[in-house]
Amino acid sequence: MIKYLIQKEFLQIRRDAFLPRLIILFPIVIMCVMPWVMQMEVKNIRVEVVDIDHTVESQRLIGQIAASRYFIFGGQKATYAEAMKDIENGRADIILEIRDGQYLIAANAVNGTKGSMGSAYLSQIIRPTPQPLPVMEGSDYSRGQQVSAPSLTGRAEGGSLLLYNKGQNYKLYMIPALLAIVMMLMTGFLPTLNIVGEKEAGTIEQINVTPVSKWAFILSKLIPYWLIALFVVTVCLLLARLVYGLSPAGPLWLVYLLAMLLALFFSSFGLIISNYSDTMQQAIFVMWFFIVCIMLLSGLFTPTRSMPDWAYMTTYVNPMHYFIDAIRTVFIRGGGLRDVAQQLLGLLVIGLFMAVWAVKSYKKNS
């Protein structure tokens, strides 16, 4: 019985004019475009310099700033007030004032990330070990730092050892996260819209009057999307290898196992929402609400330890958090089954719970 129901699902997907193209093109676009734009590295920071000293040392520093690939040198201004007008009008991001052998960095912190990272980059040019930036008085969106001139030629004491991602390749960090996003959208939204679409079309009533059990019906809805998940993971891994030269440092089978457990959760979760929804619009809005919360609280973009304690507690029931933590351990660090056992257990428990809920919440009127 399940065999014919699965055939029906694949026939519906194949006859759809849009879904086959989406299943193929979506992972290709995500993997080929997003790693280039989703990165924390800040570039094109516009810097203006107010050089009161006009010394050889200050001119050498200005040359280093102009040669940096992170900065856009906006030229020299005669006074600090003139440079501040450019900050207020959005024509500059950072002001560097050189006066009496002191260096003042004033950063526009309306965009906090750009302001703090830009100040840190500029501080590293001036001195190897920058100090915290105190807030400047008299400006609502500026903060400054004074550094003495002798530090320009000083040497940093100590050093750092980068583990695993030694080249600090941000694509290596983001590709596992993008894999999670593709899995979430493909195996979450498609099952949801499938059942709600059948409700609106009235075809689901033909299943309800048959002797098909709820378990058989739900499995026939889930299995096709699990197979689609396998296809999507394969495409993403191939693109990561061919386009970026990146491949998992750990076992490949563990990547597939983690992906299938995540697909179990999202496909079951999508069916639960569809069981409680009467229209496609309602299902889309409810699904999108939960998807955004799950994604932003998972540690996909920011470390979970940076969250408040009440928000961090949600990670214990967030399957995306378990997947992100585990896939990065396998993909980047080369971890094995023992290293991600806790995350696998969390994904399995949550996935099975949602699968049972999906079956119980489906109302079959026969």
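This write-up is about the structure you can find in this document. Numbering of residues begins from 1 in every chain and follows the order in which that chain's sequence is written. Two thresholds apply to this predicted model, a pLDDT of at least 70 for residue-level local features and 80 or more for giving and counting side-chain atom pairs, whereas whole-chain, interface and lining totals are computed over all residues. Side-chain measures were taken over the full set of non-hydrogen atoms in the model, leaving aside hydrogen atoms and water.

Definitions used for this entry: grid spacing 1 Å over protein atoms alone; cavity, a set of points where a 1.4 Å probe fits but cannot get out; pocket, an open set with protein on both sides within 12 Å along at least 5 of 7 lines; lining residue, one with an atom within 4 Å of a point. Grid points are joined across faces, edges and corners, and a volume is the space filled by probe spheres set on the points. A complete count under the given rule lists one cavity of 30 Å³ or more for this structure. Computed from the structure, the largest cavity encloses a volume of approximately 30 Å³. Lining the largest cavity, in full, are M31, I175, P176, L179, C236, L237 and F331. Elements are defined by DSSP. Helices are runs of H or I of four residues or more, strands are runs of E of two residues or more, and each kind is numbered from the N terminus. The greatest single-element share of the lining of the largest cavity, amounting to three residues, is contributed by helix 6 (residues 170-201). By residue class, the composition of the lining of the largest cavity is seven nonpolar, no polar and no charged. Classification used: nonpolar for Ala, Val, Leu, Ile, Met, Phe, Trp, Tyr, Cys and Pro, charged for Asp, Glu, Lys and Arg, polar for all others including Gly.

Taken together, I24, L25, I28, V29, V33, W36, V37 and F231 make up a surface patch of nonpolar side chains, about 720 Å² in accessible area. The biggest single contributor to the nonpolar patch is helix 2 (residues 19-37), with seven residues. Following the sequence through the fold, V33 ends up in helix 2. Only protein chains enter the calculation, and the probe is 1.4 Å; a residue is then buried if its accessible area is under 20% of its type maximum, exposed if over 50%, and partly exposed in between. With a relative accessible area of 40%, V33 lands in the partly exposed category. Every patch collects residues that have over 30% relative accessible area and no salt bridge, joining them within 9 Å if they carry like charges and within 5 Å if they are nonpolar side chains (Val, Leu, Ile, Met, Phe, Trp, Tyr). Calculation of accessible area relied on Shrake-Rupley with a 1.4 Å probe; when residues are assessed, cover is drawn exclusively from the protein chains displayed. Salt bridges are counted wherever a side-chain nitrogen of Lys or Arg sits within 4 Å of a carboxyl oxygen of Asp or Glu.

This brings us to the packing of aromatic side chains. Any pair of Phe, Tyr and Trp rings, taking the six-membered ring for Trp, is counted once the centres come within 6.5 Å. Such a pair is stacked with planes under 30 degrees apart, edge-to-face with planes over 60 apart, and tilted for the rest. Summed over all chains, the structure comprises nine aromatic pairs. Summarising the aromatic geometry, the rings of F269 and F290 are spaced 5.5 Å apart at their centres and angled 85° between planes, so their arrangement reads as edge-to-face. With F269 in helix 9 (residues 252-276) and F290 in helix 10 (residues 280-296), the pair connects residues that are 21 residues apart, well separated along the chain. Residue classification places F269 among the buried residues on the basis of a relative accessible area of 9%. On the basis of relative accessible area, F290 is assigned to the partly exposed category, the value being 35%. On the basis of an interplanar angle of 80° and a centroid distance of 5.8 Å, the ring pair of Y312 and Y316 is categorised as edge-to-face. For Y312, a relative accessible area of 14% gives the class buried. Residue class for Y316 comes out partly exposed when judged on its relative accessible area of 46%.

The final tally for this structure, using the stated rule, is six salt bridges. Salt-bridge contacts for D93 lead to R46; the nearest nitrogen and oxygen are separated by 3.3 Å. In this pair, D93 sits in the loop between helix 4 (80-88) and strand 3 (94-99) while R46 sits in strand 1 (residues 45-51), placing the two residues 47 residues apart along the sequence. For D93, a relative accessible area of 10% translates into the label buried. Taking relative accessible area as the criterion, R46 reaches 31% and is therefore assigned partly exposed. Across the pair K114 and D93 runs a salt bridge, and its minimum N-O distance is 3.3 Å. Of this pair, K114 sits in helix 5 (residues 112-126) while D93 is found in the loop between helix 4 and strand 3, placing the two residues 21 residues apart along the sequence. Taken together, the salt bridges that share partners define one network made up of R46, D93 and K114.

What follows covers the pairing of strand 3. A regular strand places its side chains on the two faces of the sheet in alternate fashion. Counting buried positions along strand 3 gives five out of six residues, so the element sits mostly inside the fold. As paired strands, strand 1 and strand 3 are joined by five bridges and run parallel to one another. What sits directly across from E48, in strand 3, is I95. Strand direction decides the pairing type here: strand 3 and strand 4 (residues 102-108), joined by six bridges, are antiparallel. Strands are treated as partners if at least two bridges between them are detected by DSSP.

Take the layout of surface pockets next. The space that makes up the second largest pocket amounts to roughly 400 Å³. As for the second largest pocket, its lining consists of 17 residues, of which D16, L19, L190, L193 and N194 are closest to the centre. Broken down by secondary-structure element, the contributors of at least two residues to the lining of the second largest pocket are helix 1 (2-15), helix 2 and helix 6. When residues in the lining of the second largest pocket are grouped by element, the largest group, eight residues, is from helix 6. Looking at the lining of the second largest pocket residue by residue, the classes come out as 12 nonpolar, three polar and two charged.

Attention now goes to the nonpolar core. Working definition of a nonpolar core: buried Ala, Val, Leu, Ile, Met, Phe, Trp, Tyr and Cys residues. They are joined through side-chain atoms within 4.5 Å. Counting 78 residues, the largest nonpolar core has L179, M183, F217, L258, F266 and F323 as the members making the most contacts within it. What makes two residues a contact is simply this: any of their non-hydrogen atoms within 4.5 Å. The residues contacting M183, other than those within four sequence positions of it, are G188, A229, V233, A259, L262 and A263. Counting residues in hydrophobic clusters, the runner-up holds 18 residues, among them I45, V47, Y70 and A107.

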